[in-house]
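So the chains spell out like this:
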Amino acid sequence: MLTLINTNTMLPAIAPLGLDYIATAAVQAGIETDIVDLCLSDDPAATLQDYFATHNPELVGLSFRNSDDCFWPSCQWFVPRLAETVKTIRTLTDAPIVIGGVGFSIFPEQIVEYTNAEFGIRGDGEPAIISLYRQLRHKKHFHQVDGLVWRSSGRIISNRPAWPQPLSLPTSRDAIDNPTYLARGGQCGIETKRGCNRPCIYCADRLAKGTTVRLRRPAEVADEAGTLLEQEVDVLHICDSEFNIVPEHAYTVCEEFIHRRLGDRLRWYTYLAVTPFDAQLARTMSRAGCAGIDFTGDSASPLILKNLRQQHTKEDLASAVRLCKENGITVMLDLLLGGPGETADTAKETIDFVKKINPDCAGAPLGVRIYPGTEMAQIAAAEGPMETNPNIKRKYDGQVDLFRPTFYISQALGDRPAELIKDIIAGDKRFFEPISEADTAATDHNYNDNTELVEAIKAGARGAYWDILRKIRNSY
Ligand code: B12
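Let me begin by describing the structure that accompanies this report. None of these values were measured; they are calculated from a predicted model.

## Side note on the overall build of the protein chain
Then, in step 1: In terms of helices and strands, the protein chain carries 18 helices and 19 strands.
Then, in step 2: By the compact-globule yardstick of 23 Å for 476 residues, the protein chain fits well, its C-alpha radius of gyration being 22 Å.
Then, in step 3: Along the first, second and third principal axes, the C-alpha set of the protein chain runs to 60 × 55 × 40 Å.
Then, in step 4: Counting every position in the protein chain, which comprises 476 residues, the buried fraction comes to 57%.
Then, in step 5: In the protein chain, once contacts between residues fewer than 6 apart in sequence are set aside, the share between residues at least 24 apart is 71%.
Then, in step 6: Charge separation in the protein chain, taken as the distance between the mean sites of 50 positive and 63 negative side-chain charges, equals 3 Å.

Set out below in structure tokens:
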């Protein structure tokens, strides 16, 4: 028997989509599989105790979604809590433990070492967990398990992830309690593809999902949306890195939704790259049920866009906002302020331009999380010793350790960069402002234990969190 545990208890509750897929894949492979969902438990410690008092699995899988909240200045790091969970489970069962998930896949070896788990799986979990389960039962040829991180003669070994292609996933969506997640989290997730081939210097998706875009058949995606609708789950977030990075695929998925009249019954949100996006895609997405788009806008300064290796221009930003408005799609621009080369002038150029093109809202977080293995990490390293680099911000002592929340905020923004950005925003309610240096307890646009969102969802709000927060703001 395989037991899969969701360790992400952050609120609002986000459904563990990965566990839904891998549990069903395991069941379809003939493996008896249980899910223990700590996010839906009032007392996770008691839930674990009760569960293992009556179950004796052969393998325990822990899902680890967020290594940290990627949010300066809260900088919450979740790896120590994961290590505690591993320790607790050890006292309850002798079964080996395997960790997987996006958070895991960004730091695979470090997490296996830190938590002392027997195994980890980097990348897609569906085939890998089945393969690991079978190897544990039979020959223990661990080198044959794609993406496996394991120990041999005291060394940690990392197998190459497989990034299966073409991508085909189970569509039954009944391994986790999606209706409860809709009620507590305001939305549920679905994927149309995996992987990202964009070169953005800061993003972890290349590490966790691979750089080859792997598409699902549009009919399979629509089958799954239909299954969710049968469970009355009618508000979705498409969980691709960016829905439009293969525009033909985005288009055919939408066509399939339209053909099956899913757009009349479903409301969905997604992340989009600013390009490619044209009138035809905007119109088709709208007809397919798209209610809101969060664009990876990053900046409107040509210099900063170039530094971040973004492919769009400020004119593309303006066009994206206009096309959304013309097609009844609510539009958010997500900015990323404080990266390499940012100055007060470039920040002002961006914010002033965003004000002018008038999206429904804009995220204005400050600080770029530096992930090892990204170009951002190389840029930071090339600036000299990180310990003394004034652009590097962190809340721990000692040597810089990119495993822990570590950010880049251009020193050219001065000693109180959040205040500077807030001054430029000047109270414009369309912006989710950076958290002030003086008020680190504030959450604003952080979805990590965001009470305002939790309460709104309890009261019936549904949709992407930025859209719910935007509506709350507009109501006062
Ligand atoms: C969509 C999305 C959102 C949506 C979610 C909407 C929804 N209804 O699901 C919203 C906007 C709400 C959101 C919020 C946040 N997000 Co987010 N989000 C994503 C995104 C794009 C997709 C996540 C997803 O569902 N993927 C699809 C599923 C199927 O993949 P998966 O979970 O990785 O599972 C696969 C494998 O990892 C593995 N696996 C999973 N579990 C297990 C378990 C075992 C045992 C094994 C073996 C394998 C395994 O198998 C699965 C199938 O192959 C990712 C980036 C990405 N491309 O993945 C960021 C991402 C996960 N988010 C991130 C962050 C930081 C957050 C927030 C903390 C931001 C904040 N401060 O507010 C919050 C956290 C919310 C929460 N409660 O957890 C970061 C995490 C980075 C990190 N350091 O860990 C990511 C990676 C983005 C990034 N590049 O920085 N997010």
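Let's pick the thread back up.
## Some words on unusual backbone geometry
Then, in step 1: Tryptophan 72 connects to proline 73 through a cis peptide bond whose omega is 10 degrees.
Then, in step 2: Mapped onto the elements, proline 73 comes out in the loop between strand 3 (59–63) and helix 3 (79–92).
Then, in step 3: Cis geometry marks the peptide bond from glutamine 165 to proline 166; its omega dihedral reads -5 degrees.
Then, in step 4: One can find proline 166 in the loop between strand 7 (155–158) and helix 7 (178–185).
Then, in step 5: A positive phi angle is found at tryptophan 163, which is not glycine, with a value near 45 degrees.
Then, in step 6: Along the polypeptide, tryptophan 163 turns up in the loop between strand 7 and helix 7.
Then, in step 7: Non-glycine residue glutamate 232 carries a positive phi angle of around 65 degrees.
Then, in step 8: Take glutamate 232: it is sitting in the loop between helix 9 (218–230) and strand 11 (235–238).

## Examining helix 2 (residues 44–54)
Then, in step 1: All buried positions along helix 2 are accounted for by Leu48, Tyr51 and Phe52. With its buried residues spanning 90 degrees around the axis, helix 2 presents them on a single face. Turned more than 90 degrees away from the buried face of helix 2, the exposed residues are Asp50, Ala53 and Thr54.
Then, in step 2: Summarising the contacts, the buried residues of helix 2 are in contact with strand 1 (2–6), strand 2 (33–37), strand 3 and helix 3.

## Regarding the site of the ligand
Then, in step 1: Around the ligand lies a shell of 48 residues, among which Asn8, Ser67, Lys209, Asn446 and Tyr447 are the nearest.
Then, in step 2: Arginine 65 is positioned with one of its side-chain polar atoms (N or O) 3.0 Å from a nitrogen atom of the ligand.
Then, in step 3: Glutamine 187 places a side-chain nitrogen or oxygen 3.0 Å from a nitrogen atom of the ligand.
Then, in step 4: At the level of secondary structure, the elements contributing two or more residues to the shell around the ligand comprise helix 1 (17–28), strand 3, strand 4 (97–100), helix 4 (102–106), helix 6 (126–137), strand 8 (188–190) and helix 8 (205–209).
Then, in step 5: Top contributing element to the shell around the ligand by residue count: helix 1, with five residues.
Then, in step 6: Of the residues that constitute the shell around the ligand, the class distribution is 21 nonpolar, 17 polar and ten charged.

## Observations regarding the sheet that holds strand 15 (residues 361–363)
Then, in step 1: Taken in spatial order, the seven strands of this open sheet run 8-11-12-13-14-15-19, and their pairing is parallel. Edge strands, defined here as strands with exactly one partner in the open sheet, are strand 8 and strand 19 (431–432).
Then, in step 2: Judged from the four bridges that link them, strand 11 and strand 12 (residues 267–272) form a sheet pairing that is parallel. Within the sheet, the bridge partner assigned to leucine 236 lies in strand 12 and is tryptophan 268.

## With respect to the sheet that holds strand 3
Then, in step 1: An order of 2-1-3-4-5-6-7 is seen for the seven strands of this open sheet, with the pairing classed as mixed. Looking along the sheet, the strands with just one partner apiece sit at the ends: strand 2 and strand 7. Geometrically, the sheet is characterised by an average inter-axis angle of 25 degrees between neighbouring strands, direction not taken into account.
Then, in step 2: Sheet analysis places strand 1 next to strand 2, joined by five bridges and oriented parallel. Looking at the pairing, leucine 2 lines up with threonine 33 of strand 2.
Then, in step 3: With respect to the sheet, helix 1 is in contact with strand 1, strand 2 and strand 3, its orientation differing from that of strand 1 by roughly 175 degrees.

## Remarks on the packing of helix 14 (residues 344–357) against helix 16 (residues 417–425)
Then, in step 1: The N-to-C vectors of helix 14 and helix 16 enclose an angle of 35 degrees; their axes lie 10 Å apart at closest approach. When the axes of helix 14 and helix 16 are compared, the crossing they make is right-handed. When helix 14 is examined against helix 16, the residues Ala344, Ala347, Lys348, Ile351, Asp352 and Lys355 are found in contact with a partner set consisting of Leu420, Ile421, Ile424 and Ile425.
Then, in step 2: Looking at the contact of helix 14 with helix 16 residue by residue, the class counts come to seven nonpolar, no polar and three charged.

## A word on the environment of isoleucine 258
Then, in step 1: Its place among the elements puts isoleucine 258 in helix 10 (residues 247–259).
Then, in step 2: For the pair isoleucine 258 and threonine 284, spaced 26 residues apart in the sequence, the C-alpha separation amounts to 8.2 Å.

Rules of the game
- Residues numbered from 1 in each chain as written.
- Predicted model: local features only at pLDDT ≥ 70, side-chain atom pairs only at ≥ 80, totals over all residues.
- Heavy atoms only, no water.
- Helix = DSSP H or I, 4+ residues; strand = E, 2+ residues; numbered from the N terminus.
- Rg over C-alpha atoms; globule rule 2.2 N^0.38 Å.
- Buried < 20%, exposed > 50% of the residue type's maximum accessible area, 1.4 Å probe, protein only.
- Contact = heavy atoms within 4.5 Å.
- Lys, Arg positive; Asp, Glu negative; His and termini not counted.
- Charge placed at Lys NZ, Arg CZ, Asp CG, Glu CD.
- Arc of directions from axis to C-beta.
- Near = heavy atom within 4 Å.
- Polar contact = N/O pair within 3.5 Å; in protein donor to acceptor, adjacent residues only side chain to side chain.
- Nonpolar A, V, L, I, M, F, W, Y, C, P; charged D, E, K, R; others polar.
- Pairing = 2+ DSSP bridges.
- Axes fitted to C-alpha atoms, helices over the stretch in contact; angles between N-to-C directions.
- Left-handed = near helix turned anticlockwise from the far one by under 90°.

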